[in-house]
Amino acid sequence: QVQLVESGGGLVQAGGSLRLSCAASGRTFDNYAMAWFRQSPGKERQFVAAIAWNGRGEMYLDSVKGRFTIAVDNDKSMAALQMNNLRPEDTAVYLCALRRGMGPGTFSAAYDYWGQGTQVTVSS
């Protein structure tokens, strides 16, 4: 089993920045991808960003391109999401996910392990 624990969420004004972290523990894999999704009340889970274990294959939701950056540290079993120029519409619970044995993807059903999420609130 794999455990994922997110941290770094909080309340920030529009235009501000936050850095989310995801610490993975438990079983390890030679090939995996990590991703961030977000979910707001009454809305479907939305893909935000993904990356392969070796730092390649970055993928982003169009609305966060140029503002968010995903990174992975394979040695430390951690992933991060740097979020700059935040907007009120970025408000959501952000969840970290891991997909074993495959490259990055945008579909939540393709991911095998999930964290509990961390709340990000952007005020206008």
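Residues numbered from 1 in each chain as written. Predicted model: local features only at pLDDT ≥ 70, side-chain atom pairs only at ≥ 80, totals over all residues. Heavy atoms only, no water.

## Quick look at the nonpolar core
Ranked by size, the top nonpolar core spans 29 residues in total, and within it Trp36, Leu81, Met83 and Tyr94 carry the most contacts. Looking at this core, the elements that each hand over two or more residues are β1 (2–7), β3 (18–26), β4 (32–39), β5 (46–52), β7 (68–73), β8 (78–83), β9 (92–100) and β11 (118–123). Among the elements that make up this core, the one with the highest residue count is β9 (four residues). Core analysis: the second largest hydrophobic core is formed by six residues, Phe47, Ala50, Ala97 and Tyr111 among them. (Core = buried A, V, L, I, M, F, W, Y, C linked by side-chain atoms within 4.5 Å. Buried < 20%, exposed > 50% of the residue type's maximum accessible area, 1.4 Å probe, protein only. Helix = DSSP H or I, 4+ residues; strand = E, 2+ residues; numbered from the N terminus.)

## Some thoughts on the state of the cysteines
With the rule as written, the count across this model stands at one disulfide. With a sulfur-sulfur separation of 2.0 Å, Cys22 is cross-linked through a disulfide to Cys96. Of note, the bridge from Cys22 to Cys96 carries an S-S torsion of about -80° and is left-handed in sense. Here the residue Cys22 occupies a position in strand β3, and Cys96 occupies one in strand β9, the gap between them amounting to 74 residues. (Disulfide = S-S within 2.5 Å.)

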